[in-house]
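Descriptive analysis of the structure
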Amino acid sequence: VRWYPGGSEKRKSKNKTFGNKTSAKVWGKRQVHDIETEISKGVDVLTLDNSLKLFGDLIERYLNDQFVKIGRSKRYSLNAIADCDIAAVDLSELRPRHFVDYCKGRINAGASPATVACDISHMRSVLKAAKPLYDVSVTEVPIVDAMPTLHVLHLISKSNIRTRRPTEVELDRLRSVLRQKEEDPSCIIPYCDILYFSILSCMR
């Protein structure tokens, strides 16, 4: 976005990189609107902070916050969300339907309801942190309001209960390979003991 402030011949500019064209267009239009509004007031907008206008901007700030500890799966999920259409929505315009539409798209793309539920949980944590961390006036209410509909439509759900157990043949194969590992002179890990312990302690 380029402009000439106050009739000056020296051009100023702002730029930002996005994962998709839709997000870039939305950001560009918002910048133009804000710049024109501020210029009409005689304000120099070179340092105008519009970094947290969009949901994607908030996610990006959250991901890059050195004080926020994020696990690998959550980081992967939020990075993927930042490239979706919902990331291009203005924070002040977030509505329950945006989250419903996001979940529909994820299901249509082949994601399981349990996976989508994790995405919703991650987005909710970002919205909950926005006010105390960045003084952004946004709440988790849109997600909370969307939850009943998401459940009714089966767009989100808990993980399926796993009931399968390894067969004796499979356990024999595991033991065989683990014994071979233990025979390595450099091996100090009791692989077979760990296997037995995991079975006896009912570990997953």
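This report concerns the structure included in the present document.

Parameters at a glance
- Residues numbered from 1 in each chain as written.
- Predicted model: local features only at pLDDT ≥ 70, side-chain atom pairs only at ≥ 80, totals over all residues.
- Heavy atoms only, no water.
- Helix = DSSP H or I, 4+ residues; strand = E, 2+ residues; numbered from the N terminus.
- Buried < 20%, exposed > 50% of the residue type's maximum accessible area, 1.4 Å probe, protein only.
- Areas by Shrake-Rupley, 256 points an atom, 1.4 Å probe, with all protein chains shown as cover.
- Contact = heavy atoms within 4.5 Å.
- Salt bridge = Lys/Arg side-chain N within 4 Å of Asp/Glu carboxyl O.
- Axes fitted to C-alpha atoms, helices over the stretch in contact; angles between N-to-C directions.
- Left-handed = near helix turned anticlockwise from the far one by under 90°.
- Nonpolar A, V, L, I, M, F, W, Y, C, P; charged D, E, K, R; others polar.
- Phe/Tyr/Trp six-rings, centres within 6.5 Å; stacked < 30°, edge-to-face > 60°.
- Lys NZ or Arg CZ within 6 Å of the ring centre and 35° of its normal.
- Core = buried A, V, L, I, M, F, W, Y, C linked by side-chain atoms within 4.5 Å.

Looking only at helices and strands, the chain has eight helices and two strands in total. Going residue by residue from the N terminus, the α and β elements of the chain occur as β-β-α-α-α-α-α-α-α-α. Evaluated residue by residue, the chain yields a buried proportion of 33% over its 204 residues. If you sum the accessible surface of the chain, you get close to 13,800 Å²; carbon and sulfur atoms cover 53% of it.

Moving on, we get to the side chain of serine 77. Turning to its location among the elements, serine 77 is positioned in helix α3 (residues 72–81). Those residues within four positions of serine 77 in sequence are excluded, and the remaining contacts are Asp119 and His122.

Below, the discussion takes up the pattern of salt bridges. The full count for this structure, using the stated rule, is six salt bridges. One salt bridge connects lysine 131 with aspartate 135, and the closest N-O pair in it is separated by 3.3 Å. As a salt-bridge pair, arginine 164 and glutamate 170 come within 2.7 Å of each other at their nearest N and O atoms. By relative accessible area, which is 60% here, arginine 164 ends up exposed. One connected set of salt bridges, linked through shared partners, spans Glu168, Asp172 and Arg175.

Once that is clear, we can look at the environment of arginine 95. Relative to the assigned elements, arginine 95 resides in the loop between α3 and α4 (96–108). Counting along the chain gives 51 residues from arginine 95 to alanine 146, while the straight-line C-alpha distance between them is 8.4 Å.

Before going further, it helps to examine the side chain of aspartate 90. You can see aspartate 90 is positioned in the loop between α3 and α4. We classify aspartate 90 as buried; its relative accessible area is 8%.

As a further point, take the packing of α4 against helix α5 (residues 113–134). Running from amino to carboxyl end, α4 crosses α5 at an angle of 145 degrees, the nearest separation of the two axes being 10 Å. Relative to α5, α4 is oriented so that their crossing is right-handed. Residue-level contacts link Phe99, Tyr102, Cys103, Arg106 and Ile107 of α4 to Pro113, Thr115, Val116, Asp119, Ile120, Met123 and Leu127 of α5. Tallied by class, the residues present in the contact of α4 with α5 amount to nine nonpolar, one polar and two charged.

This part takes up the environment of glutamine 31. Note that glutamine 31 resides in helix α1 (residues 21–40). Note: C-alpha distance between glutamine 31 and lysine 14 (17 residues apart in sequence) is 8.6 Å.

Let us look at the packing of aromatic side chains. Overall, the coordinates contain one aromatic pair when judged by the stated rule. Note on phenylalanine 55 and phenylalanine 99: the rings are 6.2 Å apart at their centroids and 75 degrees apart in plane angle, and the pair reads as edge-to-face. Pair noted here: phenylalanine 55 is in helix α2 (residues 55–64) and phenylalanine 99 is in helix α4, with a separation of 44 residues, a long-range link. An identical accessibility class is assigned to phenylalanine 55 and phenylalanine 99; each is buried. Here the basic side chain of arginine 61 rests over the ring of tyrosine 134, its NZ or CZ set 5.5 Å away from the ring centre.

For the rest of this paragraph, the subject is the nonpolar core. Counting residues in each nonpolar core, the largest one holds 34 residues, and the members touching the most others are Phe55, Leu58, Phe99 and Met123. Those elements giving two or more residues to this core turn out to be α2, α3, α4, α5 and α6 (141–152). Among the elements that take part in this core, α5 stands out by supplying eight residues, more than any other. Setting aside anything within four residues of it in sequence, one finds phenylalanine 99 in contact with Phe55, Ile86, Leu94, Ile120, Met123, Leu127, Pro142, Ile143, Ala146 and Leu150.

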